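Residues per chain are reported as follows:
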Amino acid sequence: MAASLWTRAELARDIASLGVKPGDTVMAHAGLRSVGRILGGPDTLIGAIRDTVGPGGTLMAYTDWLWEDEWATDPELRPHAPAFDPRASRAIRDNGAFPEFLRTTPGALRSASPGPSCAAIGARAEWLLADHALSYGYGERSPFARLVEAEGKVLLVGAPLDTMTLLHHAEHLADIPGKRIKRYETPFLENGEVIWRDLEEFDTGDPIVEGLPDDYFATVVEDFLATGEGRRGTIGAAPSVLVDAPAIVAFAVEWLERRFPR
């Protein structure tokens, strides 16, 4: 029977049982309500993952940043648009509370590319987040690429399968025709001054090409799991999934290129 309050030790036990090991670099997404009542709240889940990866491991989460194109294009709003500051700008609420809790954990760092920004804490946090490209921030110069390089893992704790942000990196890499591109302006806070910069990105707000459903990431993950790769389990009361980052990216690139050949 499930505990009335999940403790840090119990959650760490479940995380380890799913396959997270000491020294791992883990990108986590969490649907906190699905875990059940946690003694100490989201900080306890963060602590449990950190306990499992140990001092040589790293925990990362996708933070994003709240931005509306209207703020740049409306002449009345533009002078008042909040500028991106990686040290202070909140993680977007669409991703739940977990990324903001991680971002504000003492010792955590945050990358400098607004929309694709990530927060991380642990042994490889600085390396993961360094030199994050401002344009095409899901591509080769990104925490996502470095997660793959580190042979890291993606952990979904009660989060829907279509929230696996690493698959935006696969979209970037896939050689398929018709990728939509978004060009926009974003204000940055630099040395106390607001600087507007022109940015460009494959448009991740919708599926990257026509003909894909909005939640197609879930299909990619299900198809990957059906090959026998990855693991399913339960963390607290939350149905959870663990996959290897290099394997899921390679699978997703092939999945896209097979459906949209040149």
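The rules behind each value
- Residues numbered from 1 in each chain as written.
- Predicted model: local features only at pLDDT ≥ 70, side-chain atom pairs only at ≥ 80, totals over all residues.
- Heavy atoms only, no water.
- Pairing = 2+ DSSP bridges.
- Helix = DSSP H or I, 4+ residues; strand = E, 2+ residues; numbered from the N terminus.
- Contact = heavy atoms within 4.5 Å.
- Axes fitted to C-alpha atoms, helices over the stretch in contact; angles between N-to-C directions.
- Salt bridge = Lys/Arg side-chain N within 4 Å of Asp/Glu carboxyl O.
- Buried < 20%, exposed > 50% of the residue type's maximum accessible area, 1.4 Å probe, protein only.
- Patch = residues over 30% accessible without salt bridge, like charges linked within 9 Å, V, L, I, M, F, W, Y side chains within 5 Å.
- Areas by Shrake-Rupley, 256 points an atom, 1.4 Å probe, with all protein chains shown as cover.
- Lys, Arg positive; Asp, Glu negative; His and termini not counted.
- Charge placed at Lys NZ, Arg CZ, Asp CG, Glu CD.

Caption draft 1: Focus on the sheet that holds strand E8 (residues 231–235). Judged by pairing direction, the sheet is mixed, and its seven strands sit side by side in the order E3-E4-E2-E1-E5-E9-E8 without closing on themselves. Each having just a single partner strand, strand E3 (109–110) and E8 make up the two edges of the open sheet. Where strand E2 (residues 58–62) lies against strand E4 (residues 118–122), five bridges are found, and the strand directions are antiparallel. Each bridged residue has a counterpart across the sheet, and for Leu59 the counterpart in E4 is Ile121. Against the sheet, helix H3 (residues 42–53) touches strand E1 (25–30), E2, E4 and strand E5 (153–157), its axis set at about 140 degrees to E2.

Caption draft 2: Representation of the pattern of salt bridges within the structure. Under the counting rule described, the total for this entry stands at 15 salt bridges. Measuring nitrogen to oxygen at the nearest pair gives 2.7 Å for the salt bridge that ties Arg8 to Asp51. With Arg8 in helix H1 (residues 8–18) and Asp51 in helix H3, this pair connects stretches of sequence that are 43 residues apart. Assessed through its relative accessible area of 40%, Arg8 is described here as partly exposed. Of the residues examined, Asp51 reaches a relative accessible area of 43% and is grouped as partly exposed. Between Arg197 and Glu190 there is a salt bridge, with the nearest N and O atoms lying 2.9 Å from each other. With a relative accessible area of 30%, Arg197 lands in the partly exposed category. Here Glu190 falls in the partly exposed class, since its relative accessible area comes to 28%.

Caption draft 3: The arrangement of unusual backbone geometry in detail. Positive phi values are uncommon outside glycine, yet Glu151 reaches one of about 55 degrees. Take Glu151: it is sitting in the loop between helix H7 (143–149) and E5. Of note, the phi angle at Asn191 is positive, near 50 degrees, even though the residue is not glycine.

Caption draft 4: Representation of a negative patch on the surface in the model. Residues Asp162, Asp206, Glu210, Asp214 and Asp215 make up a contiguous surface patch of negative charge. With respect to the helices and strands, the residue Asp215 is situated in the loop between strand E7 (193–202) and helix H9 (216–226).

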